[in-house]
Amino acid sequence: MSDQADREQNEGIKAVESGAGDTGATGTGTGTGTGTDPARRAFLRSTGASAFGAMLGMTIPFQRNLPAGLIPVALAQDTGQAMMAEKDGLIVLGDRPLNAETPAHLLDDDITPYEHMFIRMNGLVPQNALDSDASGWMLTIDGEVDNPLELSIDDLKSRFETVTRAMVLECGGNGRAFFNPGASGNQWTTGAVGCPEWTGVRLADVLAEAGVRDSAVYTAHYGNDVHLSGDPEKEVISRGVPIDKAMQEDALIAWAMNGADIPALHGFPLRLVIPGYPGSVSQKYLNRITIRDQEHDGAKMTGYSYRLPAYPVAPGTEVPESDMVVMTEMPVKSLVTFPRTGTEVATGEAAEIRGHAWAGNGDVAAMHVSTDFGQTWQEATLEPPPNRFAWQRWRAEVTLPEAGYYEVWARATDANGVSQPATTPGWNPRGYGNNMQHRIALIAV
Ligand SMILES: Nc1nc2c(c(=O)[nH]1)N[C@H]1C(S)=C(S)[C@@H](COP(=O)(O)O)O[C@H]1N2
Ligand SMILES: [Mo]
């Protein structure tokens, strides 16, 4: 095995063992607000309420002199302290903007509950979302349409069919921490993914009412989150999808997650959920969709953001910006969500292993696991999804023949026969689309 592959493997398993994420060794870790100071990153990674205390200590001079409970709202948002109150066990990667991922063993539910849903903020949560204030909220549909619309949330609820679907949302940069050389950005390991249940209306139905013109090429999404600079003129993120993708029946304009109003961190009061593509197309705090006659060029659509080289490149290549193309469909992927990595199992006895599998093209065809570092594979059972683009439950029983250290490697295969690679696929400058096999450690005793 090459040095690079070896390092990658080791870091992969180290990351899953800690349940926490990268060791800081591969990633450059810039752009998260946490910097690369190892002590600080270790603090962040230790998470929980106490970690936020530590973060506060580092971000507010003289915080010891502040009476408890008197942390100004803006500072609370900087540290995520208040907003993270009901999140459970997430690993905080950055506090401004707030980004946090979920250890694999906390993603075992078929429907990801609020407390285990990862958070990816490019800016600050808008004040009306923090206040759960949706009064007067309007969604504008304009651009290449015959009949521009201004819809209230009540209009959405009364004029279109309401649908509920479980759908995977995964950040395009999930797995970035394992690329070598590392890429800047949040050092997501495996946990920037979840599968909540979303309720709303079909984006396609709303666009049909607006009368999409033949000239339509792309959507452009807008929300009201606040740029880190505080400048109200600056867009935080504005992405889009090809019009054909927007017209597929799966894509929703959602107002509820898991049967309740969409929480502040996840886009209150409206968001898009466009499955199969990088999470970044699923605009939170949604207040406008403009139909364009060209590929959208909003914030984080251009340059290196959510873009891949148009051709395969060697790791570390400096790819010219003009050779970068928009990332679309996400690759097939899976997680081992039970047992927790590092668990002891009885030697010679069957142990249940389970998790989820999903694919950007909507279907997973097969699931396999290996307990001998990929030398042999056994087929796992794979349940059908409750609906397209929900993740699918898989289960296997493994028997470890003698006492010692093992790894479970998990490999999903999509409907086109494409499987997850054992090591990082297609290196790219910003570290997108890593669907390498997830691995956990098991100790036979
Ligand atoms: N308005 C807005 N929408 C957004 C983002 C954002 O920062 N602002 N982040 C995007 C990215 S990059 C991802 S991966 C998902 C994350 O959704 P979540 O935070 O609800 O898990 O939201 C997307 N929608
Ligand atoms: Mo993302």
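Residues numbered from 1 in each chain as written. Chains lettered and ligands numbered in written order. Predicted model: local features only at pLDDT ≥ 70, side-chain atom pairs only at ≥ 80, totals over all residues. Heavy atoms only, no water.

(A) Main features of the sheet that holds strand E10 (residues 218-223). A sheet is described by the order of its strands in space; here 4 strands give the open sequence E5-E4-E14-E10, paired in mixed fashion. Taken across any chain shown, the strands that pair with only one partner, and hence form the sheet edges, are strand E5 (149-152) and E10. Mean inter-strand twist for the sheet, computed between neighbouring axes without regard to direction, equals 15°. In this structure, strand E4 (residues 138-143) lies alongside E5, joined through 4 bridges in antiparallel fashion. (Pairing = 2+ DSSP bridges. Helix = DSSP H or I, 4+ residues; strand = E, 2+ residues; numbered from the N terminus. Axes fitted to C-alpha atoms, helices over the stretch in contact; angles between N-to-C directions.)

(B) Representation of the packing of aromatic side chains in the model. Evaluated as defined, the whole model comprises 4 aromatic pairs. On the numbers, 5.2 Å between centres and 25° between planes, the contact of Tyr306 with Tyr432 is stacked. Here Tyr306, found in the loop between strand E14 (286-292) and strand E15 (307-309), pairs with Tyr432, found in the loop between strand E24 (404-414) and strand E25 (438-444); they are 126 residues apart in sequence, far enough to count as distant. The class of Tyr306 is buried, set by a relative accessible area of 5%. Judged by relative accessible area, Tyr432 falls into the buried class, the value being 5%. Above the plane of the ring of Phe338 lies Arg354, whose end atom (NZ or CZ) is 4.1 Å from the centre. Over the aromatic face of Trp409 sits the side chain of Arg439, whose NZ or CZ is 5.2 Å from the ring centroid. (Phe/Tyr/Trp six-rings, centres within 6.5 Å; stacked < 30°, edge-to-face > 60°. Buried < 20%, exposed > 50% of the residue type's maximum accessible area, 1.4 Å probe, protein only. Lys NZ or Arg CZ within 6 Å of the ring centre and 35° of its normal.)

(C) Structural context of the site of ligand 1. Not every one of the 20 residues close to ligand 1 is listed here, only the nearest: Asn122, Asp225, His266, Arg271 and Lys284. Note that an oxygen atom of ligand 1 is positioned 2.9 Å from one of the backbone N or O atoms of Arg120. Contact between ligand 1 and His266: an oxygen atom at 2.7 Å from a side-chain N or O atom of the residue. Expressed as a share of its isolated accessible area of 530 Å², the protein-covered part of ligand 1 is 100%. When atom positions are compared with the pocket grids, ligand 1 is found to occupy the largest cavity. Grouping the constituent residues of the shell around ligand 1 by class yields 10 nonpolar, 6 polar and 4 charged. (Near = heavy atom within 4 Å. Polar contact = N/O pair within 3.5 Å; in protein donor to acceptor, adjacent residues only side chain to side chain. Areas by Shrake-Rupley, 256 points an atom, 1.4 Å probe, with all protein chains shown as cover. 1 Å grid on protein atoms, 1.4 Å probe; cavity = no way out; pocket = protein on both sides within 12 Å on 5 of 7 lines; lining within 4 Å. Sits in = over half its atoms within 2 Å of the grid points. Nonpolar A, V, L, I, M, F, W, Y, C, P; charged D, E, K, R; others polar.)

(D) Seen up close, the sheet that holds strand E3 (residues 119-120). On the basis of which strands lie adjacent, the open sheet formed by 3 strands has the order E1-E2-E3 and antiparallel pairing. Two strands in the sheet have a free side with no partner beyond their single neighbour: strand E1 (91-95) and E3. Sheet topology note: the strand E2 (residues 98-101)/E3 ladder contains 2 bridges and is antiparallel. Bridge pairing links Ala100 to Ile119 in E3.

(E) The arrangement of the environment of Pro113 in detail. Its location among the elements puts Pro113 in the loop between E2 and E3. Residues Pro113 and Glu197, spaced 84 residues apart in sequence, show a C-alpha to C-alpha distance of 8.9 Å.

(F) Layout of the nonpolar core. Counting 32 residues, the largest nonpolar core has Met84, Leu98, Ile119, Val125, Trp198 and Leu265 as the members making the most contacts within it. Secondary-structure elements contributing two or more residues to this core are E1, E2 and strand E11 (252-257). Judged by nonpolar contacts, the second largest core, of 30 residues, contains Leu151, Ile153, Leu203 and Ile243. (Core = buried A, V, L, I, M, F, W, Y, C linked by side-chain atoms within 4.5 Å.)

(G) Molecular detail of the confidence of the model for the chain. When the pLDDT values of the chain are averaged, the result is 86; 82% of them are 70 or greater. Note that residues 1-73 has pLDDT below 50 and, in this model, 123 contacts with residues that lie over four places away or in other chains. (pLDDT = per-residue confidence, 0-100. Contact = heavy atoms within 4.5 Å.)

(H) Spotlight on the side chain of Thr290. Relative to the helices and strands, Thr290 resides in strand E14. Judged by relative accessible area, which is 16%, Thr290 ranks as buried. Here the side chain of Thr290 touches Arg288 through a polar contact of 3.4 Å, side chain to side chain. The residues touching Thr290, leaving out its near neighbours within four places in the chain, are Asp142, Gly143, Tyr218, Thr219, Ala220 and Tyr222.

(I) Representation of helix H7 (residues 203-210) in the model. Turning to H7, its buried residues number three or more, namely Leu203, Ala204, Val206, Leu207 and Ala210. Projected onto a plane normal to the axis of H7, the buried residues spread over an arc of 165° and lie on a single side. Positioned one or two residues after H7, Gly211 has a phi angle of 70°, which is positive. (Arc of directions from axis to C-beta.)

(J) Representation of empty space enclosed by the protein in the model. Within the structure shown, the criterion is met by 7 cavities of 30 Å³ or more. Space inside the largest cavity adds up to approximately 250 Å³. Contributing to the lining of the largest cavity are 18 residues, with Arg120, Arg271, Gly279, Ser282 and Lys284 lying nearest its centre. The class makeup of the residues in the lining of the largest cavity is 8 nonpolar, 6 polar and 4 charged. (Points joined across faces, edges and corners; volume = space filled by probe spheres on them.)

(K) Focus on unusual backbone geometry. With omega at 5°, the peptide bond leading from Arg96 into Pro97 counts as cis. Its location among the elements puts Pro97 in the loop between E1 and E2. A positive phi angle, close to 55°, is found at Tyr285, a residue other than glycine. Note on placement: Tyr285 falls in the loop between strand E13 (271-273) and E14. Using a relative accessible area of 0% as the deciding quantity, one classes Tyr285 as buried.

(L) Highlighting the pattern of salt bridges. This structure, assessed with the given rule, holds 17 salt bridges. Across the salt bridge formed by Asp108 and Arg393, the nearest N and O atoms sit 3.1 Å from each other. Residue Asp108 is found in the loop between E2 and E3, and its partner Arg393 is found in strand E23 (residues 392-399); the two are separated by 285 residues along the sequence. For the pair formed by Asp108 and Arg393, the shared burial category is buried. Between Arg213 and Asp146 there is a salt bridge whose closest N-O contact spans 2.8 Å. (Salt bridge = Lys/Arg side-chain N within 4 Å of Asp/Glu carboxyl O.)

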